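Fold and contact review
Okay, here's what each chain looks like letter by letter:
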Amino acid sequence: MRSIEKLELKNKRVLIRADLNVPVKNGEVSDDFRIRASLPTIRLCLDNGAKVAVMSHLGRPKGKDSAYSLKPVAERLGELLGMPVRFVPETVGESVAREIGSLEPGKEVLVLENVRFEPGEEKDDEHLAKAYAQLCDVFVNDAFASSHRAHASVAGVARFAEEKAAGLLLTREVMSLKWVLEDPKRPLSVVLGGAKVSTKIGLIENLLKKTDRLLIGGAMANTFLKALGHNLGKSLVEDDMLKKALEVLESVKGSGCTLLLPCDAGVGEGPDVPRATYVPVGMIPKEAQALDIGPASVQLFKEGLEGSMTVLWNGPMGMFEVPSFALGTYGVAFAVSQAGAFRVAGGGETDEAIERLGLASTFSFISTAGGAFLEFLEGKTLPGIVALGG
Ligand code: ADP
Ligand code: MG
């Protein structure tokens, strides 16, 4: 994978595929985290005198739909860059080519319309990929968060572009996660949570072979606790994953990896109760749901993290969106933010919990990706990265 830093960009037309998939409410960007994360590559290209165009998807439109236009994103990008940002309401074709050609190198940026307005985008249509490639002299993939998709603007275009390179954000994401997977400073601790074992079983199996300590919380832990014979009441449990959970517990034995599961839970009849009741995992009432891990588990996990050199965290410890069941996630977030020397986090809801607590700056790296982050950690090769030759 060649880095954008290695290329001569002066007066070249550079097309950057970024992931600017941000929440937009009433025509305004409500969280610009991903736009800010994309700035270093855009600035680098500008500083090197390139004609810079940026493309991205936004949401999941079914065809052209103005509610999913990138125009508000272009406006916010202009504010953040402090320089003129032009928006073109199309993604490919002559008018786009003309706009890119007429850019003043290093002085302005062009944002294209949502790539998912093009019917061929998600099918990785070859014509569309070639059309993107013709728009530029250099194609840059900086959209790590989209790189698990074999789409025309991510993968296809890289096969036809005259020159191609990895952007700074994509490089940083890949390097950080590779380092955790392949050459971490030990002990390496992995904290996993979230809603389902089924969406993360590949991740668990891959990380189990590499990590020194595995700490599991969230609804995911419910399935493991039930597999161990506990009564989970009306909690979210994946009964079809009980056998898998037992296999995981079995393979931990003698592997040298220490597995920690919660010892208490925050329970309630449902998420709407005014406060959680904390009980040991052996005493979850029949009518209750375990919606969080309890304070004893937070302490257990905190001690479990002690002495770690590398910590990877994905998945909330409970239904933290509701204040009654946020204690576990917030407690563990603080514990992780103080543990080890290299701290990496990722995942949509995990990022949100870190953001709410204002703990982002205490992490060495926070992935901007959800699906791509999980697939990379499962050990899968990502189409967008393969297309770059990496
Ligand atoms: P991420 O996006 O960080 O990878 P997930 O998508 O796997 O995380 O899971 C996040 C969701 O899991 C949160 O919205 C949270 O409410 C839910 N969750 C976590 N623990 C529980 C639980 N015990 N019961 C119900 N939902 C839970
Ligand atoms: Mg999620």
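No experiment lies behind these values; they were computed from the predicted model shown.

Here the focus is helix α7 (residues 201–208). Among the eight residues in α7, six count as buried, and that is most of the element. Inspection of α7 places Ile201, Leu203, Ile204, Asn206, Leu207 and Leu208 among the buried residues, and these make up the whole buried set.

As a further point, take the layout of surface pockets. In this structure, the largest pocket occupies an estimated 800 Å³ of space. If you go around the largest pocket, you meet 29 residues; those closest to its centre are Phe33, Arg34, Asp351, Ile366 and Thr368. When contributions to the lining of the largest pocket are tallied by element, the ones reaching two or more residues are α1 (33–47), α6 (168–182), α12 (348–357) and β17 (365–366). Considering every element that reaches the lining of the largest pocket, the biggest residue donor is α12, with six residues. Taken domain by domain, the makeup of the lining of the largest pocket includes at least three residues from each of domain 1 (4–167) and domain 2 (184–378). Lining the second largest pocket we find 39 residues, and of these Gly194, Ala195, Lys196, Ala219 and Pro316 sit closest to its centre. Classifying every residue of the lining of the second largest pocket by side-chain character gives 18 nonpolar, 13 polar and eight charged.

Attention now moves to the domain arrangement of the chain. One can read the domain layout of the chain as domain 1 (4–167) and domain 2 (184–378). Each of domain 1 and domain 2 has a C-alpha centre, and the two are 36 Å apart. Listed per partner, the contact involves six residues of domain 1 and 11 residues of domain 2. Contact with domain 2 buries area across many residues of domain 1, yet Phe33, Phe144 and His148 alone supply 71% of it, more than any other trio. Counting across the domain 1 and domain 2 interface gives one residue pair in polar contact (both at pLDDT 80 or more). For the side of domain 1 that touches domain 2, a count of residues per class yields four nonpolar, one polar and one charged.

Pairing in this open sheet of six strands is parallel, and the strands run β11-β10-β9-β15-β16-β17 from one edge to the other. In this open sheet, the two strands that pair with only one neighbour each are β11 (258–260) and β17. Bridge count between strand β16 (residues 342–345) and β17: two bridges; the pairing is parallel. The residue of β17 that forms the bridge with Ala345 is Ile366.

Cut-offs applied
- Residues numbered from 1 in each chain as written.
- Chains lettered and ligands numbered in written order.
- Predicted model: local features only at pLDDT ≥ 70, side-chain atom pairs only at ≥ 80, totals over all residues.
- Heavy atoms only, no water.
- Buried < 20%, exposed > 50% of the residue type's maximum accessible area, 1.4 Å probe, protein only.
- Helix = DSSP H or I, 4+ residues; strand = E, 2+ residues; numbered from the N terminus.
- 1 Å grid on protein atoms, 1.4 Å probe; cavity = no way out; pocket = protein on both sides within 12 Å on 5 of 7 lines; lining within 4 Å.
- Points joined across faces, edges and corners; volume = space filled by probe spheres on them.
- Domains from an automatic or database assignment.
- Nonpolar A, V, L, I, M, F, W, Y, C, P; charged D, E, K, R; others polar.
- Contact = heavy atoms within 4.5 Å.
- Buried area = accessible area lost by both parts, 1.4 Å probe.
- Polar contact = N/O pair within 3.5 Å; in protein donor to acceptor, adjacent residues only side chain to side chain.
- Pairing = 2+ DSSP bridges.

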